Structure formats: C-alpha cells, structure tokens
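Geometric and topological summary
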Amino acid sequence: METITLDNDIKVFYITAKSFPDGIMDAHKKLHALVPFSTDRKYFGISRPEKNGVIVYKAAAEEINQGEAEKLNCETLVLKKGKYICLTITDYMKDIQSIDRSFKKLLSYPDLDPKGYCVEWYLTDKDVKCMIRLKE
C-alpha cells in the first residue's frame, strides 16, 4: 500500500449505476458515450454505502470545462484533496476481481475518512489506482 496526496479538489460529473456490481460496465459505457476517453481528462469509479447500506456506484469523469456537467445533464460531486491510501493494479481486466480485493484490503486500514469514497482512478485502459481518503 502507498499513500498519495491529491493537491486539489477534483470536480467530477457522473452516471450512477443502476445496480452494484452488475451495473458498473453499463454506467461506464454511458459515461464514455458522453465523453470519449481522452488522456486530457481523469476518469473514476466512485462508490460507498448509501441508504440502508446499499453500495451506490458512479462512473465519473473530471470536469475540465466549467459548466460541462450541466450541458451534459449530469450531477456532480467533488473528490476532496488530501491524503489517500492507495493500491495500484496493472492490467486489471485480466482479473477484474482484483479491484474488489484491493478495496477489501484498503477498508481494513485505520483512519479512513468516514465521509470518503472508494475511488477507482483509471490511469489508462489497463491500470487503475484503488484509493480511499484518510482523515485529516
């Protein structure tokens, strides 16, 4: 495990998956139909338990132009700057369950931000950082 620091808040817009984990791929497909993959933009998977402990998953993209989310009729949220505990997975598509296993490891770490999210930061189409924000 490593610790990384986000120096700035990241405003993202997102598509909420209809279910977890079954709706994840569909949510990412819908997001990429709105904003095709580009190396100029950061892409994320964001999840946490919401009402009744049900995990809500959001496929998200960084807003790089102000007002972009509104034009696309998408809701937004902010990934807060700060320190994140992190595991990097290379070639995750070869073992998609490695993402789930990584979050199980990360969730056992002390001092997690109780309002934080489980964040998948898709660095490329093969590599992903699994990360959770730490308490300040």
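Read on for an overview of the structure. (Residues numbered from 1 in each chain as written. Predicted model: local features only at pLDDT ≥ 70, side-chain atom pairs only at ≥ 80, totals over all residues. Heavy atoms only, no water.)

1. Considerations on the sheet that holds strand S2 (residues 10–16)
- The antiparallel open sheet is built from eight strands, whose spatial order is S1-S6-S8-S7-S3-S4-S2-S5. Where the open sheet ends on each side, the last strands, each with one partner, are strand S1 (2–6) and strand S5 (75–79). Sheet twist, expressed as the average angle between the axes of neighbouring strands with direction ignored, equals 35°.
- Of the strand pairs in this sheet, strand S3 (residues 43–49) and strand S7 (residues 118–122) are connected by five bridges, and their pairing is antiparallel. Directly across from phenylalanine 44, in S7, lies its bridge partner tryptophan 121.
- Relative to the sheet, helix H1 (residues 24–34) contacts S2, S3, strand S4 (55–62) and S7, its axis offset from that of S4 by approximately 25°.
- Contacts from helix H3 (residues 97–107) reach strand S6 (82–89), S7 and strand S8 (128–133), with the element oriented near 25° to S8. (Pairing = 2+ DSSP bridges. Helix = DSSP H or I, 4+ residues; strand = E, 2+ residues; numbered from the N terminus. Axes fitted to C-alpha atoms, helices over the stretch in contact; angles between N-to-C directions. Contact = heavy atoms within 4.5 Å.)

2. Comments concerning the environment of tyrosine 92
- With respect to the helices, strands and loops of the structure, tyrosine 92 is situated in the loop between S6 and H3.
- For tyrosine 92 and lysine 42, which are 50 residues apart along the polypeptide, the C-alpha to C-alpha distance reads 17 Å.
- Look past the residues within four positions of tyrosine 92 in its chain and what remains in contact with it is Ser98, Ile99, Tyr122, Thr124, Asp125, Lys126, Asp127 and Val128.

3. Some thoughts on the pairing of S2
- Most of S2 sits out of view: five of its seven residues are buried.
- Sheet analysis places S2 next to S5, joined by five bridges and oriented antiparallel. The residue bridging phenylalanine 13 from the neighbouring strand is threonine 76, located in S5.
- Of the strand pairs in this sheet, S2 and S4 are connected by five bridges, and their pairing is antiparallel. Within the sheet, the bridge partner assigned to valine 12 lies in S4 and is glutamate 62. (Buried < 20%, exposed > 50% of the residue type's maximum accessible area, 1.4 Å probe, protein only.)

4. Some words on the pattern of salt bridges
- This structure, assessed with the given rule, holds eleven salt bridges.
- Among the ionic pairs, glutamate 68 bridges to arginine 41, the shortest N-O distance being 2.7 Å. Separated by 27 residues along the polypeptide, glutamate 68 in helix H2 (residues 68–71) and arginine 41 in the loop between H1 and S3 bring together distant segments of the chain. Neither glutamate 68 nor arginine 41 differs from the other in exposure class; each is buried.
- Three or more residues are tied together by salt bridges with common partners; here these are Asp113, Arg133 and Glu136. (Salt bridge = Lys/Arg side-chain N within 4 Å of Asp/Glu carboxyl O.)

5. A look at the packing of aromatic side chains
- Across all of its chains, the model carries four aromatic pairs by this definition.
- Note on phenylalanine 44 and tryptophan 121: the rings are 5.8 Å apart at their centroids and 40° apart in plane angle, and the pair reads as tilted. Note that phenylalanine 44 is positioned in strand S3 and tryptophan 121 in strand S7, a separation of 77 residues in sequence.
- Judged by relative accessible area, phenylalanine 44 falls into the buried class, the value being 1%. (Phe/Tyr/Trp six-rings, centres within 6.5 Å; stacked < 30°, edge-to-face > 60°.)

6. Comments concerning unusual backbone geometry
- In this model, phenylalanine 20 is joined to proline 21 through a cis peptide bond whose omega is 5°.
- Although it is not a glycine, asparagine 52 sits at a positive phi angle of roughly 60°.
- Its location among the elements puts asparagine 52 in the loop between S3 and S4.
- For asparagine 73, which is not a glycine, the phi torsion comes out positive at approximately 60°.
- If you trace the backbone, asparagine 73 turns up in the loop between H2 and S5.

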